[in-house]
Amino acid sequence: MSSLGATLSDSVVITKRNLIKVKRVPDLIVFATLSPIMFVLLCRYVFGGAIDLPPGINYAEFLLPGILAQTVVFGSTVTGASIAEDLQKGLIDRFRSLPMSRAAVLIGRTVADAGLNVISITVMALTGLAVGWRINSSVLEAAGGFLLLLVFAYAISWLMALVGLLVRTPEVVNNASFMVIFPLTFASNAFVPLESFPSVLQTFAEWNPVSTVVQGARELFGNTVPGAPVPDAWPLQNPVLYTLLWTAIILVVFVPLSVRAYRRTASR
Amino acid sequence: MSDAIVVEGLVKRFGATTALDGVDLTVTEGSVLGLLGPNGAGKTTVVRILTTLLVADGGRAEVAGLDVARDADAVRAAIGLTGQYAAVDEYLTGFENLEMVGRLYRLSRAEARTRAGELLERFDLTGAAARPAKTYSGGMRRRLDIAASLINRPRVLFLDEPTTGLDPRSRLAMWDFIAELADGGTTILLTTQYLEEADRLADRMVVIDRGRVIARGTADELKAQVGGERLELTVTDATALPGMAEVLRPLAVDEPQVDLAGRRLSMPVSGGAEVLAEALNRFDGGLAQIVDVGLRRPDLDDVFLALTGHAAEVATTDDDAPEAEAVPTGGVR
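Everything numeric here is computed off the predicted structure, so don't read it as measured data.

Engineer: Describe the overall build of chain B, listing the residues and the values that go with them.
Structural biologist: Of the regular secondary structure elements, chain B holds 12 helices and 14 strands. If one aligns the C-alpha atoms of chain B with their principal axes, the spans along those axes are about 75 × 45 × 35 Å.

Engineer: Give me the lowdown on the sheet that holds strand β5 (residues 66-67) of chain B, citing residues and values where you can.
Structural biologist: Residue and element names in this part refer to chain B. Read from one edge of the open sheet, four strands run β2-β1-β4-β5, paired in antiparallel fashion. Each end of this open sheet is capped by a strand with a single partner; those strands are β2 (17-28) and β5. Both strand β1 (residues 3-14) and β2 contribute to a ladder of nine bridges, which runs antiparallel. Its bridge partner being in β2, Leu10 is matched across the sheet by Val23.

Engineer: Explain the interface of chain A and chain B to me, and be specific about the residues and the numbers.
Structural biologist: In this complex, chain A contributes 19 residues to the contact, which on the side of chain B involves 23 residues. Those elements that place two or more of their residues in the side of chain A that touches chain B are α1 (3-24) and α4 (91-96) of chain A. No other element matches α1 of chain A, which puts six residues into the side of chain A that touches chain B. The class makeup of the residues in the side of chain A that touches chain B is nine nonpolar, two polar and eight charged.

Engineer: With reference to specific residues and values, describe the packing of helix α6 (residues 139-167) of chain A against helix α11 (residues 239-264) of chain A.
Structural biologist: All names here are of chain A. As a packed pair, α6 and α11 sit with axes 8 Å apart at the nearest point and diverge in direction by 25°. Accordingly, the angle class assigned to the pair α6 and α11 is roughly parallel. When the axes of α6 and α11 are compared, the crossing they make is left-handed. Counted together, Leu148, Val151, Phe152, Ala155, Ile156, Trp158, Leu159, Ala161, Leu162, Leu165 and Leu166 of α6 and Val240, Thr243, Thr247, Ile250, Leu251, Phe254, Val255, Leu257, Ser258, Ala261 and Tyr262 of α11 form the full contact between these two elements. Here the residues of the contact of α6 with α11 sort into 19 nonpolar, three polar and no charged.

Engineer: Run through the domain arrangement of chain B, naming residues and quoting values.
Structural biologist: Domain boundaries assigned for chain B yield domain 1 (3-217) and domain 2 (228-296). On a C-alpha basis, the centres of domain 1 of chain B and domain 2 of chain B stand 45 Å from each other.

Engineer: So what's going on with the pairing of strand β4 (residues 58-63) of chain B? Which residues, and what values?
Structural biologist: Residues and elements named next belong to chain B. With five bridges connecting them, β1 and β4 associate as antiparallel partners. Pairing of Val7 across the sheet is with Ala61, part of β4. The antiparallel hairpin formed by β4 and β5 contains two residues in its connecting segment, where Ala64 sits at a positive phi of about 55°.

Engineer: Requested: an account of the packing of α1 of chain A against helix α5 (residues 104-130) of chain A, with residues and values cited.
Structural biologist: All names here are of chain A. Relative to each other, α1 and α5 sit at 45°, their axes nearing to 7 Å. Considering their axes alone, α1 and α5 lie oblique with respect to each other. Taken as a pair, α1 and α5 cross one another with a handedness that is right-handed. Packed against α1, whose contacting residues are Thr7, Asp10, Ser11, Ile14, Thr15, Arg17, Asn18, Leu19 and Val22, the element α5 presents Ala104, Val105, Ile107, Gly108, Arg109, Val111, Ala112, Gly115 and Leu116 at the interface. Split by residue class, the contact of α1 with α5 holds nine nonpolar, six polar and three charged.

Engineer: Account for the sheet that holds strand β9 (residues 204-209) of chain B, naming residues and giving values.
Structural biologist: All names here are of chain B. A sheet is described by the order of its strands in space; here six strands give the open sequence β6-β7-β8-β3-β9-β10, paired in mixed fashion. If you trace the sheet from one side to the other, it starts and ends with β6 (79-82) and β10 (212-217), each paired once. For this sheet, the mean inter-axis angle between neighbouring strands, taken without regard to orientation, is 15°. Across four bridges, β6 lies against strand β7 (residues 156-160) in parallel orientation. Considered in β7, the bridge of Gly80 is made with Leu157. Along the sheet, helix α5 (residues 138-150) contacts β6 and β7; its crossing angle with β6, the most-contacted strand, is approximately 165°. Contacting β9 and β10, helix α8 (residues 219-226) crosses the sheet at an angle of about 110° to β10.

Engineer: Describe the environment of Arg263 of chain B, listing the residues and the values that go with them.
Structural biologist: Residues and elements named next belong to chain B. Here Arg263 lies in the loop between β12 (257-259) and β13 (264-268). Taking the C-alpha atoms as reference points, Arg263 and Val235, 28 residues apart in sequence, are found 5.6 Å from one another. When sequence neighbours within four positions are dropped, the list of residues in contact with Arg263 reads Thr234, Val235 and Ala238.

Engineer: Describe unusual backbone geometry, naming the residues involved and giving the relevant values.
Structural biologist: Even without being a glycine, Arg168 of chain A presents a positive backbone phi close to 70°. Relative to the assigned elements, Arg168 of chain A resides in the loop between α6 and α7 (170-186). In the Ramachandran plot, Ala64 of chain B falls in the positive-phi region, its phi being about 55° despite a non-glycine side chain. With respect to the helices and strands, Ala64 of chain B occurs in the loop between β4 and β5.

Engineer: Describe the nonpolar core, with residues and values.
Structural biologist: Formed by 88 residues in total, the largest nonpolar core has its most connected members in Leu68, Ala69, Leu149 and Ala217 of chain A together with Leu98, Leu144 and Ala147 of chain B. Leaving out residues up to four positions away in the same chain, Leu144 of chain B has contacts with Ala86, Val88, Gly94, Asn97, Leu125, Ala133 and Tyr136 of chain B. One finds Leu36, Ile49, Ala64 and Leu181 of chain B within the second-largest nonpolar core, a separate group that totals 55 residues.

Here is what the cut-offs are and how they apply
- Along each chain, residue indices are assigned from 1 in the same order as the chain's sequence is written.
- As a convention, the first chain written is A and the first ligand written is 1, with the rest following in written order.
- Only residues with pLDDT of 70 or above have their local features reported here, since the model is predicted, and side-chain atom pairs are shown and tallied only from 80 upward, although totals for entire chains, interfaces and linings are computed over all residues.
- Think of it this way: any DSSP run of H or I at least four residues long counts as a helix, any run of E at least two long counts as a strand, and we number them from the N terminus.
- Strands qualify as paired when DSSP identifies two bridges or more between them.
- The contact criterion used is a C-beta to C-beta distance within 7 Å, with each C-beta placed from the backbone.
- Only Asp, Glu, Lys and Arg are considered charged in this grouping, and only Ala, Val, Leu, Ile, Met, Phe, Trp, Tyr, Cys and Pro are considered nonpolar; every other residue, Gly among them, is considered polar.
- Lines fitted to C-alpha atoms define the axes here, with helix axes fitted over just the stretch in contact, and angles between the N-to-C directions of these axes take values from 0 to 180 degrees.
- Any angle from 65 to 115 degrees is called roughly perpendicular, while one under 35 is roughly parallel, one over 145 is roughly antiparallel, and all others are oblique.
- Should the near helix be turned anticlockwise from the far one by less than a right angle, the crossing is left-handed, and should it be turned clockwise, the crossing is right-handed.
- A domain assignment, automatic or from a database, supplies the domain bounds used here.
- Residues enter a nonpolar core if they are buried, belong to Ala, Val, Leu, Ile, Met, Phe, Trp, Tyr or Cys, and are joined to the set through C-beta atoms within 7 Å.
- Labels follow a simple rule on C-beta atoms placed from the backbone: if 20 or more others lie within 10 Å of a residue's own, it is buried; if 12 or fewer, it is exposed; otherwise it is partly exposed.

Now the structure itself:
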C-alpha cells in the first residue's frame, strides 16, 4: 500500500472510531446542540432590542452568522480535549506502537470533530430559521457560507490538537482554549457592529479572522444590506479571501507541528 | 537459539534525571524475561524505548533483529505492547476494539474480524464482545488489552505490569494466559513489581534499580546470591530465645538472629531436614514451647531487599552501611 493510501485508510479507521463514541454517548450531541440553541434564543431576545443596526436588517439575520462562527470555533476545541484524554488513557501509546500512519490519529480526530460541527451547525441554522433568520442568497452561495465556517473551524482543530498534545490534561485544555477563544469571538463583529468598539479594539477586531469568517458568512447568506457601512479595513472588504488565507496559514503551520508533537509524545 | 531482544548500554535522560544509566540485557527467542524493579527504577522506560515510543539518548536496542531507532516501523509490525493502563477505547465494544487494532495492523476487514473473534474466545470475552468496554471489569479490560496486542501474532510481546491493580482471582487467570502464550513460543518481556509473578512466569530475570541492572539470572541463581536455606522457629516465651540460640549455634553456618519482639529465632543452615531433626533433638524436653519451626528457602522478596539494600550502600555514605547489612536477616518478616 502506498503511504498516502495507508494514511487514508488508517484515518478512516480512526474517524470511524471517534464517530462511534458520538453514537454511544448521545449526551455529547445533546449538549453540543442545546447550548448553541440556548445561545441563539438568548442573544436574539436579550440583545435583539438593544443593538443598533442599519435599517433594513433584523438582528436575527445579523446574529446568526456570528453565532454559527462562534459555535464551530468552540466546537473545534473538542479536538484538544479529546486528544489529551486519549493520551491520559494510554490510547495514544497503543496507536504509536502500531505500524500505522503517524498522521492518521490526528486526521481521524479532526475529521470526526468537523462531523460534530456539521451536526451542531445544522441544528443552529434550523433554530435560526425559527426565530427569524433568513438566507437571502442562492443555494450555492449559502453552501459556500456553511463551508467557509466549517473549513475555518477545521483549521482551528489542528491548532487545538497541538494544544492537547502539549497540555495533556483535558480540563486544562478546555480552560486554556476558552481563554483564547472567548476574546477572539467576542472581540469581533459576531454579536455587535464594530463601530461601537474603542479604536484599538476596533482595529484588532477588523483584522481578527473570526470577524472575517462572520462577515464572509453574512455576505454568502445574503445577511448584509446594500449600502450599509462595512469598515474600510482590507480583511473586511475581502472577508472570504482573508479567511481562506488564515485557514491555509494555520494548516501549513499546525499540521506539521501537531504531527511532530504526536511522534514525540508519550503518556507519563 | 538467537536473541529476540538485544539491549546494549541503553541511556535515557529526562531533563536532569537519568532514568536509564547503561542498561544491558538480552532475551532469547521464545523465552520470558522478567524485568524487576521498584517504582521509578526505569522498567517502563526500557519498555517504551523497545516499543519505539521513546528514543534513547545512548546505547543501542534491537527487537526481532531490527534496530528500534532506524527500523521503527518494522519493529512496530513485529511486536505487541500491553501498557500499564489498559489502553482500550471505552466507547467501542470489545469486538470493535480488536477489529480497529487489526485494521491498523493493515489486516483486511475479514481477517481483522476473524482474528477479533478468535481472540475474544481465547480470553473468555465472547459473552461481552458486543458490550462497550466501559462496562468491563478491570480484569476484562486487561484481557482485552492483551488480546489487542496479539492481533498481529507478534514475535515479541511486551507486558508492562500486566497484573497491577487486579484482584487476586483475575491475577491468577492472567498468569495462566501469559504462561499459555509463553508455551506457544512467543518471546515475552514482562515488567513487574511482584516477585511472585516473575518467579512463576519468567525463565530469567533482570533486576534494575535507579536505571542500572543490579542483578540477573534465573530465579534460583538470584536466590543463591542471597544465601541458602534458613532455620526459623517461633516460641511462646521470648526470654527462652537467647538460651536456645546458644544450644543451636553449633548447627548454624552463620550467627543466629534473635527477634525478641517477634519471639523468633532465625539462622542460616545447610543440610536440610537432617539439620532440622538435629535441632529438634537438642531441645528434647523443651519442645512444648515451640509454636512453629521450619526450613525456609529465600524467596525473591529476600533477593530484592538484599539487592536494593546493597545498591543503597554503594550509592550513599558509610553511615548507611550497617542498616543495609541488617536488611537480609529478614527479622521483620
